[in-house]
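# A look at the structure
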Amino acid sequence: MNKITININGEERTLEVKSNLRLLDLIREDLALTGTKEGCGVGECGACTVIMNGEAVNSCLVMATQADGATIETVENLEKSAPELQESFVEHGAIQCGFCTPGMLMSAKALLDKVPNPSDMQIKTALEGNMCRCTGYIPIMKSVKEASKKIKK
Amino acid sequence: MKKVVGTKVKRLDAYEKVTGKAIYGDDINLPKMLHAAVRHADIPAGKILKIDTTKAKNLKGVVSVLLHDDIPTVKKVGPIRRDHNVIVKDSVHFIGDVIAIVAAETLETARKAADLIEIEYEEEQGIFDPREALKPESKLIHPEYKSNLVVHYPLRKGNVEEAFEKAESSDDEIIFERDYKTPYQEHAAIEPEVVIAEPNHQVKGVDVYGSIQNPFTTRKVVSIFTDLKLNQVNIIGSTMGGSFGGKDDIINVMACRAVALSLATNRPVKLAYTREQAMKEGYKRHPYFLNYKLAVNKNGKIKAMKINIVADSGAYSSQSFFVTWRSVVQATGPYEIENVQTDIKAAYTNKPYTAAFRGFGSPQIIFAQESMMDELANELGLTPYEIRKINGFKQGSKTASGQALTEHKVSLMEVIDIALEKADYHNKLKEFEKYNKTSRRFKKGIGFSCSYRGSSLGAEGVDTTSAIVSVQADGSSYIMTGLNENGQGLRTTYAMVVAETLGCTMEDIQFLTSQTANIADGGPTVASRGTIAGGNAVKDACDKIKANIFSVIKETFNVTEMTELVWADNKITNPQTKQEINFADAVQMTLNEGINTSAYGWWKSPDVSWDKETGQGNAYFTYVYGCQVAETQVDTSTGKIDMLNMVAAHDLGRVINRTGAEGQVYGGVAQGIGYGLLENYSVQNGIVKSENFDEYLLPTIKDIPNIDAILVENPDKYGPYGAKSLGEPTLELGAAAINNSVKFALKKKYNANPLTLERVFLGKDLVKKVRQSEVVSKERCEVPNINSKSNSETVPEKTTDRVSDINITVAKTLKEALEIMSNKKHWIISGGTDVIVQLRKEKYHKELLDISQIKELKITNEIDGNIVIGSACTFSSLIDNELIQKHYPLFIDGISLIGSTQIRSRATIGGNLVNAAPCADSVPSLFVYDASVKIESTEGSKIVKLSDFILGSYKNILGENEILTQIIIPIPKDKKYYRYFFKLGRRNALNITRMSIATMMSFDDNNKIDEVYIMPGSVFAKFQRLTNLEEFLVGKEFTTDLIEKVIALLDEKLESEIGGRWSSPYKIPVFKNMLRDALLTILEEK
């Protein structure tokens, strides 16, 4: 067991975690934030993407112990931090089954936090680690692009 | 008046999906719930001699371990033939068979218990080719069925033999024959399979939750398996994380297992699969072997078509009966041919079984028949367009099964013309032809494919469905349906049908997730029938409600006919008198009269027919038509294909939700691109090699081009508001269109998909070795396991990949880290992107030391003419670092292409170097820049050249107590360097590098080559610069002749060093091309 302190969605939490606990398990099980999904467990699908210290990361490839001191944002925080992005996803049909959506949103959010007015290639690079099997990515591209315009205003 | 149908509407379930509030199967946790694990077979075929569960049962926290004989009720299930053992008894039919199931207090305990089950086998030679399986001397995979043949569908129209005889003796006709092969395809819904079963004491039965595509099918299977009555099994589907046909049979057997454990323990039980388990056990799209033989008039008219297809059913019959039936109906494609003889057979093999997947027997035949049509056109000197125009279905044409297409608009040529015009096809043919004549390396192609497709189930089976619409006193309403929301947007479509029919607003409609207990069996959500079947049932319910309301309000309006009133915008209006009543008031008036405003809707398909002996009949009551045009660019140096554009025109009858319909097109096209280019589920001798998404490649956002979705509307008399089908046709066309496009670009034909690098470059696939992580894991395991807590003989193999038995120590300073290392060997973890993947396969206990939080290892500085990078710097931080950008652009080129943004956020340069994978992308440019590394221990430190640090694949000189702390790179001279970096991978992101090349050159005042660096990645067993080539080049004038000379030198080196390898027939010529491209690019730039 290791003791860690993290800031999760703006809230400071101190927790005892088992060594084999991944950040993903910590979020889904210990913190009951089930919006973050597991699709592959090997960092290939991006469904588990969260923002850790400002960067999009696969939470399946971070051990919970390693997150000590980190600031983590998950999809559950987006109504506060990026409602335009959520609305844009809804508006432009970026969601079908929705399983990739939380990860997709977090990758997009991490991008827009750093690059408010991204190029198409920057959007693609930000989302290259997020697999979507339903939408063919086209509406997702559009959603992120349109959201970036709204957020600027 | 506001119309709803045909507009763009937001999904009903969008809010919960963008906020993380939607509850998917794995998000469900019930009080006192146990976790289940399965024990899969370890061999693809053989007898089970002995199963010992003692150790598993003795593990603390294990509540139940069940074997075949522990299940008191029926054991075998299957949609037609019950050949599928939920838990196998004494023989293994494929590697995904389940031998035992476990329930425990925690997931880790359940999985560990599964590992501890000891099984003795007598392995047998499996059969892995369905053509082999059909030979009379072949061993029977299911002896009880007396044959490996699962099903054979014949179709006979006209007289094929006579037509071939005539063609043979005629100067006007030719015989044309082709063979094709299509692969397995995995659904790869991003949500892996999960079910939860819970005892329901009220009905003395069970409730089942989870990722369930067809709740009524699951209910039936569970009922058969348990001997419970249908009314004792309630299936409550969770939000579905994608299905595409994939969460049917596999979920049904998983449900049986969870139910068995739940009944045995009297507790809720969750059975969740990892991706690896889903990939191993889950069924796939059928691989097909297809032979087409044609008699064709030289003017292009096809006189006869003889088709022989063998489908690989895998270990079980499953849906083969239905999938291959659709193939036999549609095998000729949308072409009117007088004489047709089709035979399709599905056979058992000892491989993962095959069943429903979006497309359902059509992508295979379309790949063959549409590739063939282009080849035929070429043979006859016709264009692909002309051959289709001559033979394509027209209004009233007769299909291969003798069905006259008279009941709907036959829009084949319409969709073709629309698609080709949008793609500017005819002009692009000329433009690309011209481009290809002058372009050395890249060739462009354009090609198309077309199809017709029967809507709904057709003569496959009873085709009905159910819906309940319940309008409340305030005008709001509920919908429940017998079909299931699988992510495709069916709830929204149904709500739109309600809004359109009753004239109420979308905001007033709620869709309730149906349970099998509260609505009549609506059949399966398959066959692109969600809209046409379910939409009709919903409309039927609305029409009944509308009639009831009308019976009350007609007096108020003083009208006699429903058509005299307009129902829209929450009002009912008489346009003649302008009199209007609010919808809610009309509902209240109706209820006040004691008349019901809720109704059951039901839909039964129009009549269809089929004669099993002749394959003749009216197979489907209506058809849809589609055409897709693919534009590609092929890198002839490597065989890599890039998509430039896709146009998809689909006649769907009528658009209900435009956003949803376009989404279906985009998604289907993307899956078609995957099928055409990337997706190759590999099974070698019955062993699944594509275990996860690192080996089974899905298209990323960088692999999908612009897609033009064109929705063509010819309303159908049988569809709700004229709507037909769209989901499946969008997937079935892409692979063939891409193949035709590539054929145009390269003037070569390919008879199998996907178009892998090797297939395009060599015309064939090479047999792959084991996946990278297996190699890693194996090599790691060969290192003596000094960390192992227990004797290695007693540690069982891991049967579920997971991070399990580890201990992590965190070091906050380098000093602390070095001290820890001096006391005991640890695996060092920093970014974790390699280590955690390896830990999932690691069966021994591991001590880990986390160095990711050591600040001094995360700093980059300029010191004495060098840039010194801390080993725990992430690639993202280096890409953003101005010093690195300024001095090492070649390094930036390389590391920018590592993995994905998420991987680069965590992966560190130190980790990449220590892991020393041959495909490590930071290495080639660091060799060019002549980097060194600093190694430290409590005993001291040393600096060594990177080239001396890496010994070979996954090997370095690091001692047990040492840590790589810094990377030291000399700052290059201040002069003009030309550089070129190229990374070859199968797709455009998340690639494991096949090969790479990093090149840097400078020239002196006399324009002679001054400095040159040539560094291959993933080519040789050990990283090495090609110094002999470099030496040859230095001091010479840089010309194309010189480049060819140096390529000849390279050829010798490659042949002598990697000549005998399995991959060399591809790697040698391609790496020569890569060097040529590198040098020519620099020459051009200069």
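Residues numbered from 1 in each chain as written. Chains lettered and ligands numbered in written order. Predicted model: local features only at pLDDT ≥ 70, side-chain atom pairs only at ≥ 80, totals over all residues.

## Some words on the overall build of chain A
In terms of regular secondary structure, chain A is built from 6 helices and 5 strands. The C-alpha radius of gyration of chain A comes to 15 Å, within 12% of the 15 Å expected for a compact globule of 153 residues. Overall, chain A is about 45 × 30 × 25 Å in size when its C-alpha atoms are taken along their principal axes. Looking at chain A as a whole, 67% of its 153 residues qualify as buried. Considering only residue pairs separated by 6 or more positions, chain A has 59% of its internal contacts joining residues 24 or more positions apart. (Helix = DSSP H or I, 4+ residues; strand = E, 2+ residues; numbered from the N terminus. Rg over C-alpha atoms; globule rule 2.2 N^0.38 Å. Buried ≥ 20, exposed ≤ 12 C-beta atoms within 10 Å, placed from the backbone. Contact = placed C-beta atoms within 7 Å.)

## Re the overall build of chain B
Tallying secondary structure elements over chain B gives 33 helices and 43 strands in all. A compact globule built from 1086 residues would reach a C-alpha radius of gyration of about 31 Å, and chain B, at 32 Å, matches this within 12%. Referenced to the eigenvectors of the C-alpha coordinate spread, the extents of chain B come out at roughly 100 × 80 × 70 Å. By residue count, 58% of the 1086 residues in chain B fall in the buried class.

## Re the sheet that holds strand β18 (residues 442-454) of chain B
Residue and element names in this part refer to chain B. Taken in spatial order, the 4 strands make up an open sheet running β18-β26-β27-β30, and their pairing is mixed. Of all strands in the sheet, those with a lone pairing partner are β18 and β30 (706-712), marking the two edges. Mean inter-strand twist for the sheet, computed between neighbouring axes without regard to direction, equals 15°. Both strand β27 (residues 640-651) and β30 contribute to a ladder of 7 bridges, which runs parallel. Residue pairing across strands places histidine 650 opposite leucine 711, the latter belonging to β30. (Pairing = 2+ DSSP bridges. Axes fitted to C-alpha atoms, helices over the stretch in contact; angles between N-to-C directions.)

## A word on the packing of helix α4 (residues 101-114) of chain A against helix α5 (residues 120-127) of chain A
Residue and element names in this part refer to chain A. Direction vectors running N to C along α4 and α5 enclose 130°, while the axes themselves pass 9 Å from each other. With respect to each other, α4 and α5 are oriented oblique. When you trace α4 past α5, the crossing you get is right-handed. Contacts between α4 and α5 involve Met104, Ser107, Ala108, Ala110 and Leu111 from the former and Gln122, Ile123, Ala126 and Leu127 from the latter. (Parallel < 35°, antiparallel > 145°, perpendicular 65-115°, else oblique. Left-handed = near helix turned anticlockwise from the far one by under 90°.)

## Things to note about the interface of chain B and chain A
Reports often express the size of an interface as the amount of accessible area lost when the parts come together. Taken together, the contact pairs 65 residues of chain B with 60 residues of chain A. Of all the secondary structure elements, the ones that give two or more residues to the side of chain B that touches chain A are α1 (14-18), α17 (658-678), β31 (806-810), α23 (835-839) and α27 (901-906) of chain B. Counting residues per element, the side of chain B that touches chain A draws most heavily on α17(B), which supplies 7 residues. For the side of chain B that touches chain A, the per-class residue count stands at 26 nonpolar, 26 polar and 13 charged. (Nonpolar A, V, L, I, M, F, W, Y, C, P; charged D, E, K, R; others polar.)

## Regarding the nonpolar core
Residues and elements named next belong to chain B. Within the largest apolar cluster, 385 residues are counted, with the highest numbers of intra-cluster contacts made by Ala36, Val102, Ala255, Ala258, Val469 and Val498. With 11 residues, helix α7 (residues 249-265) is the single largest residue contributor to this core. When neighbours within four sequence positions are excluded, valine 469 is seen to be in contact with Ser477, Ile479, Val498, Val538, Ala541, Cys542, Ile545, Ser598, Ala599 and Gly601. (Core = buried A, V, L, I, M, F, W, Y, C linked by C-beta atoms within 7 Å.)

## Here's the deal with the domain arrangement of chain B
All names here are of chain B. With domains assigned, chain B is organised as domain 1 (15-124 + 193-272), domain 2 (150-184 + 285-457 + 612-762), domain 3 (464-604) and domain 4 (976-1086). One C-alpha centre belongs to domain 2, the other to domain 3, and the line joining them spans 38 Å. Across the boundary between the two partners, domain 2 contributes 19 residues, which contact 17 residues of domain 3. (Domains from an automatic or database assignment.)

## Section: the sheet that holds strand β14 (residues 269-272) of chain B
Residues and elements named next belong to chain B. The strand order across the open sheet built from 7 strands is β3-β7-β1-β14-β11-β12-β13, with neighbouring strands paired in mixed fashion. Each edge of the sheet is formed by a strand with only one pairing partner; in this case those strands are β3 (62-66) and β13 (233-237). For this sheet, the mean angle separating the axes of adjacent strands, direction not counted, is 20°. Set on the sheet, helix α6 (residues 215-226) makes contact with β12 (205-210) and β13; between it and β13 the angle comes to about 145°.

## Description of the pairing of strand β17 (residues 339-348) of chain B
All names here are of chain B. Counting buried positions over the 10 residues of β17 gives 9, a clear majority of the element. Both strand β9 (residues 149-157) and β17 contribute to a ladder of 8 bridges, which runs antiparallel. Across the sheet, proline 154 pairs through a bridge with aspartate 343, a residue of β17. Examined bridge by bridge, strand β16 (residues 302-314) and β17 share 10 bridges and lie parallel to one another. Note on β17: the bridge partner recorded for aspartate 312 is alanine 347.

## Here's the deal with the environment of Gly522(B)
Residue and element names in this part refer to chain B. Tracing the backbone shows glycine 522 in the loop between β21 (509-511) and α15 (530-557). Linking glycine 522 and glycine 482, residues 40 residues apart in sequence, is a C-alpha distance of 3.9 Å. Those residues in contact with glycine 522 that sit more than four places away from it in its chain are Phe216, Thr465, Ser466, Thr481, Gly482 and Leu483.

## Looking at the packing of helix α32 (residues 1040-1058) of chain B against helix α33 (residues 1064-1085) of chain B
Residue and element names in this part refer to chain B. Closest axis-to-axis distance for the α32/α33 pair is 10 Å, and the angle between their directions is 150°. Relative to α33, α32 is oriented roughly antiparallel. Helix-helix and strand crossings are classified by hand; for α32 and α33 the assignment is right-handed. Together, Ile1043, Ile1047, Leu1050, Asp1051, Leu1054, Glu1055 and Ile1058 of α32 and Ser1064, Lys1067, Ile1068, Phe1071, Lys1072, Leu1075, Arg1076, Leu1079 and Leu1080 of α33 make up the contact between the two elements. Looking at side-chain class alone, the contact of α32 with α33 contains 10 nonpolar, 1 polar and 5 charged residues.

## Some points on the environment of Arg285(B)
Residue and element names in this part refer to chain B. Within the secondary structure, arginine 285 is located in the loop between α8 (275-281) and β15 (288-297). The buried category is assigned to arginine 285, around which 30 C-beta atoms lie within 10 Å. It is 20 Å that separates the C-alpha atoms of arginine 285 and threonine 218, two residues lying 67 residues apart in sequence. Those residues within four positions of arginine 285 in sequence are excluded, and the remaining contacts are Tyr184, Gln185, Thr354 and Phe357.

## Let's talk about the domain arrangement of chain A
Residues and elements named next belong to chain A. The domains assigned to chain A are domain 1 (2-76) and domain 2 (78-152). On a C-alpha basis, the centres of domain 1 and domain 2 stand 20 Å from each other. Each partner contributes to the interface: domain 1 provides 15 residues, whereas domain 2 provides 15 residues. Elements supplying a minimum of two residues to the side of domain 1 that touches domain 2: β3 (49-52) and β4 (55-58).

## Some points on helix α1 (residues 23-30) of chain A
Since the α-helix turns once every 3.6 residues, residues separated by three or four places project in the same direction. With respect to burial, α1(A) is a largely interior element, 6 of its 8 residues being buried. Looking at α1(A), one finds that the buried residues are Leu23(A), Leu24(A), Asp25(A), Leu26(A), Ile27(A) and Arg28(A).

## As for unusual backbone geometry
Going from Asn753(B) to Pro754(B), the amide bond is cis rather than trans, its omega being 0°. Looking at where Pro754(B) falls in the secondary structure, it is placed in the loop between α19 (734-746) and α20 (757-762). Even without being glycine, Ala32(A) reaches a positive phi, approximately 55°. Relative to the helices and strands, Ala32(A) is located in the loop between α1 and β3. You will see that Lys32(B), though not glycine, has its phi angle at about 65°, which is positive.

## Notes on the confidence of the model for chain B
Residues and elements named next belong to chain B. Mean pLDDT over chain B: 96, with 98% of residues reaching 70 or higher. Low confidence marks residues 771-792, where pLDDT is under 50. Its contacts with residues over four positions away, or in another chain, come to 27 contacts. Per the prediction output, this complex has pTM 0.97; the corresponding ipTM is 0.99. (pLDDT = per-residue confidence, 0-100.)

## Considering the environment of Arg1076(B)
Residues and elements named next belong to chain B. Mapped onto the elements, arginine 1076 comes out in helix α33. We classify arginine 1076 as partly exposed; it has 19 C-beta atoms within 10 Å. Setting aside anything within four residues of it in sequence, one finds arginine 1076 in contact with Ile1043 and Ile1047.

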